[in-house]
Amino acid sequence: MGLNLTQKIIKDHLLEGEMIPGSEIGIKIDQTLTQDSTGTMAYLQLEAMEIDKVKTKRSVAYIDHNMLQQGFENADDHKYIQTVAYKHGVYFSRPGNGICHQVHLERFGVPGETLLGSDSHTPTGGGIGMLAIGAGGLDVAVAMGGGTYYITMPKVVNVKLTGKLKPFVTAKDIILEVLRVMTVKGGVGKVIEYTGEGVSTLSVPERATITNMGAELGATTSVFQSDDVTLSFLKAQDREELWKELKADEDAAYDETININLDELEPLVAMPHSPDNVEKISNIKDLKVNQVCIGSCTNSSYLDMMKVSKILKGKTVHPDVSLVIAPGSKQVLNMLAANGALADMIAAGARILESGCGPCIGMGQAPATDAVTLRTFNRNFKGRCGTVSAGAYLLSPEAAAVSALSGKLTDPTTCTTDINVAMPDKFYINDNMVVPPAEDGSKVEVVKGPNIKPFPLNEELKDEVEGKVLIIVEDNITTDHIMPSNAKLLPFRSNIPHLANYCLTPCDEEFPKRAKANGGGMIIGGDNYGQGSSREHAALVPLYLGIKAVLAKSFARIHKANLINSGILPLTFINMADYDTISLDDDLSMDNVIESVKAGKVIVHNKTKKLDYEMNIELSDKELKMIIAGGKINFIK
Ligand code: F3S
């Protein structure tokens, strides 16, 4: 039996484990990317590991998320990232150079290489044949330091594309169709591999639109073959020497197959408030539109923008619509400026934004109360656009542009404009907004403004651990409860002491004060403690506050891993009734901790109540070593 493309790339990078779906494997990472919102923490972690120079083939730090500079905080972060990148061997993509995934595809992506990025849409790189995975900042920092990246060996889904898209039906409609079929949970533990004759009809940026939104399926990543189409894209980017052919073997096996006939696809839209809530646009009648946003890492390529400008040329945006357009990169913006397409957009009444994430992450352009906002982006969760009562609809740039003119959601196949655009033989290439790292970083000074605070590091696990109960919370506490993240707190992602003042405050406003007054202690949690996102701040901030252990009925998987990475003991009750006997301020202690943790069972003494609790601690061999070392960074050091 031959190998599929996913298995081939993994096999080429396999350092540990066996390629059996569901088992843990360790792979070598060739490239990394960070963006500013997660990057500050990743580089603070890299510094904490005391690694002089990154060991990857190529690492790039992008500034694209927190572009609004209403105070000094975001600007401080940008300066820190620029200097720390220069010192440690990382390329720096300056603010204005573009959205990380778009620029990475254009200027850095290499077929067959692995890419780990501290952004969930890193799988965009699958459009050029990379195995590109999104991860937490610490995992990316470890990969930059040359460390192995561990994942569960995925199952591989074959999405077989036949036929050819009709005019005004797009790559966005393909991924919306996949989302409709598989749902937002359907990709968990899987890689989505696209095959079939329809693949060769799609350009690299179109493929990247599809792999980008594979993140919305919950998939590990998505991948396309590297073929003649990939070669022409690389040629047009002056990087053809990096091309190699990559495809699945003829007799490759897959765990699942989904067939999509491109001839039969119609323009689709994801309705509020989930990317898998997909409908045919033609089925939606008379939906008045207030705002249209075109751009984001999903749909901001040169071809996307050219089609939009052709639709807008000589027309006027509907008076009730605010149309904003953010070309994905400086390369795209430069080309639109040079060929007049930008002028056509401006003449039609579009508001042009800088090349960055902007409204996609709620950085400006929040729509009006109860507004309908059409977006070419990848996510439409409630409130993400900045206005909780607004409804966000996800669709193709073509459908967005046509609707911006008509003032209501409009099936783009009704448009009569010729929007045929050929892929250019040569893109405009000017990498002057990418700063290469210093030859010798030893003398480079890293600039840390007052918003950049040191990264908290744990100590080796002690044999005796004690502390007061600082908070008791209920079931299903999310990482949003543990460490709220909102537009006010976002600029402080590199300032753990500031964030600490908000830790668990949605549950108990006094928690941070109590934790500081007691010099740390223990958290008592219910079932599914730490559900929600992979936000590592939800472990780092408790570490800063001196939390030594969380005693819970059960943990959400990723949060448990983050606690272990921070050297905080994740203990689970064996007897659930013990939870009810604990009160705030009880004095807890554990002795013979190291041997107990090795044995997987810890006795916690409640000295106040004179009770003993038997607790489980389930750790893999690697996690056990990390906990004993006091967290992942100490373990790696
Ligand atoms: Fe930026 Fe939105 Fe993509 S925040 S990286 S454009 S998902």
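Residues numbered from 1 in each chain as written. Predicted model: local features only at pLDDT ≥ 70, side-chain atom pairs only at ≥ 80, totals over all residues. Heavy atoms only, no water.

## Digging into the overall build of the chain
The cut-off we apply is this: The helix and strand labels rest on DSSP assignments: H or I over at least four residues marks a helix, E over at least two residues marks a strand, and numbering proceeds from the N terminus. In this description the radius of gyration comes from C-alpha coordinates, and the expected globular size is given by 2.2 Å times residues to the power 0.38. Note that accessible areas follow from Shrake-Rupley with a 1.4 Å probe, and for residues the cover is restricted to the protein chains shown. Neither His nor the chain ends contribute to the count of charged residues, in which Lys and Arg are positive and Asp and Glu negative. Working definition for charges: the position is that of NZ of Lys, CZ of Arg, CG of Asp or CD of Glu.
Within the chain, the secondary structure is distributed over 20 helices and 27 strands. In terms of C-alpha radius of gyration, the chain reaches 25 Å, essentially the compact-globule figure of 26 Å for 637 residues. Its C-alpha atoms give the chain principal-axis dimensions of about 80 × 55 × 50 Å. For the chain, the accessible surface area stands at approximately 24,200 Å², while carbon and sulfur atoms represent 48% of it. Counting 63 positive and 78 negative side-chain charges, the chain places the averaged centre of each group 3 Å from the other.

## A look at the sheet that holds strand β3 (residues 31–34)
Stated precisely, the cut-off is as follows: Should DSSP find at least two bridges between two strands, the strands are taken to pair. In this analysis, two residues are considered to be in contact whenever any of their non-hydrogen atoms come within 4.5 Å of each other. An axis is simply a line fitted to the C-alpha atoms; with a helix, the fit covers only the stretch in contact. Between two such axes, the angle follows the N-to-C directions and lies from 0 to 180 degrees.
Pairing within the open sheet is mixed, and its 6 strands lie in the order β7-β6-β3-β4-β5-β20. Of all the strands in the sheet, the pair left with one neighbour each is β7 (131–134) and β20 (434–435). As defined by bridge partners, strand β4 (residues 58–62) adjoins strand β5 (residues 91–93) across 3 bridges and the pair is classed as parallel. Bridged to Val-60 within β5 is Tyr-91. On top of the sheet, helix α3 (residues 72–88) reaches β4, β5 and β20; it is set at about 155° to β5, its chief contact.

## Topic: the nonpolar core
Put simply, the rule reads: We define the nonpolar core as a collection of buried residues of types Ala, Val, Leu, Ile, Met, Phe, Trp, Tyr and Cys that are connected through side-chain atoms lying within 4.5 Å of one another. In this scheme, a residue with accessible area under 20% of its type's maximum is buried, one over 50% is exposed, and one in between is partly exposed, where area comes from a 1.4 Å probe on protein chains only. Each domain's limits were defined by an automated method or a database of domain assignments.
Among the nonpolar cores identified, the biggest contains 72 residues, and Ile-27, Tyr-43, Leu-504, Phe-511, Tyr-529 and Val-550 are the most heavily contacted of them. Split by domain, the residues of this core number at least three in each of domain 1 (5–264) and domain 3 (465–631). Residues in contact with Tyr-43, not counting those within four places in the same chain, are Thr-34, Val-60, Ala-61, Tyr-80, Ile-81, Val-84, Val-90 and Met-144. Residues Ala-208, Tyr-302, Val-372 and Phe-427 belong to the second largest nonpolar core, which totals 60 residues.

## Points about the site of the ligand
Spelled out, the test is: Proximity is defined per residue: any heavy atom of the residue falling within 4 Å of a molecule or strand makes that residue near it. Gly is placed with the polar residues, together with every amino acid not listed as nonpolar (Ala, Val, Leu, Ile, Met, Phe, Trp, Tyr, Cys and Pro) or charged (Asp, Glu, Lys and Arg).
If you check the shell around the ligand, you find His-65, His-101, Asp-119, His-121, Ser-296, Cys-297, Cys-357, Cys-360, Ile-361, Asn-378 and Arg-384 and nothing else. Taken together, the residues that form the shell around the ligand break down as 4 nonpolar, 5 polar and 2 charged.

## A look at the side chain of Asn-74
To be explicit about the condition: We define a polar contact as two N or O atoms separated by no more than 3.5 Å, with the added condition that, inside protein, one atom must be a possible hydrogen donor and the other a possible acceptor, whereas residues neighbouring each other in sequence contribute only through side-chain atom pairs.
By the element assignment, Asn-74 lies in helix α3. Reaching out from Asn-74, the side chain makes a polar contact with the backbone oxygen of Leu-68 at a distance of 2.8 Å. Not counting chain neighbours up to four residues away, the residues in contact with Asn-74 comprise Asn-66, Leu-68 and Pro-491.

## Points about the packing of helix α9 (residues 302–312) against helix α12 (residues 397–406)
When two helices pack together, their arrangement is given by the angle between the helix axes and by the axis-to-axis distance. Spelled out, the test is: Note on terminology: angles under 35 degrees are roughly parallel, angles over 145 are roughly antiparallel, angles of 65 to 115 are roughly perpendicular, and the others are oblique. Helix crossings get a hand from a simple test, with the near helix turned counterclockwise from the far one by less than a right angle marking a left-handed crossing and a clockwise turn marking a right-handed one.
One can describe the packing of α9 onto α12 by two numbers: an axis separation of 9 Å at closest approach and a directional angle of 25°. Overall, the two elements α9 and α12 adopt an arrangement that is roughly parallel. As for how α9 packs across α12, the hand of that crossing is right-handed. Where α9 approaches α12, its residues Asp-304, Lys-307, Val-308, Ile-311 and Leu-312 are matched on the opposing element by Pro-397, Glu-398, Ala-401, Val-402 and Leu-405. Looking at the contact of α9 with α12 residue by residue, the class counts come to 7 nonpolar, no polar and 3 charged.

## Things to note about the packing of aromatic side chains
What counts here: For Phe, Tyr and Trp, rings pair up if their centres lie within 6.5 Å, where Trp contributes its six-membered ring, and each pair is then called stacked (planes under 30 degrees apart), edge-to-face (over 60) or tilted (otherwise).
Within the structure shown, the criterion is met by 6 aromatic pairs. Ring geometry for Phe-233 and Phe-427: centres 5.7 Å apart, planes at 65°, overall edge-to-face. Pair noted here: Phe-233 is in helix α8 (residues 228–236) and Phe-427 is in the loop between α12 and β20, with a separation of 194 residues, a long-range link. Residues Phe-233 and Phe-427 agree in their burial class; the two are buried.

## Focus: the environment of Tyr-80
When you line up the elements, Tyr-80 lands in helix α3. Take Tyr-80: its relative accessible area is 0%, and that puts it in the buried class. Once the C-alpha coordinates of Tyr-80 and Leu-116 are considered, the two residues, 36 residues apart in sequence, prove to be 21 Å apart. The residues contacting Tyr-80, other than those within four sequence positions of it, are Thr-40, Tyr-43, Leu-44, Glu-47, Val-446, Val-447, Lys-448 and Ile-452. Only 3.4 Å separates the side chain of Tyr-80 from the backbone oxygen of Tyr-43, close enough to count as a polar contact. In this structure the side chain of Tyr-80 is engaged in a polar contact, spanning 3.2 Å, whose partner is the backbone nitrogen of Leu-44.

## Overview of the domain arrangement of the chain
According to the domain assignment, the chain contains domain 1 (5–264), domain 2 (268–411) and domain 3 (465–631). Computed from C-alpha atoms alone, the centre-to-centre distance between domain 2 and domain 3 is 42 Å.

## Quick notes on the side chain of Thr-211
Residue placement: Thr-211 occurs in helix α7 (residues 204–212). According to the relative accessible area criterion, Thr-211 is buried, its value standing at 0%. A distance of 3.0 Å separates a polar atom in the side chain of Thr-211 from the backbone oxygen of Thr-124.

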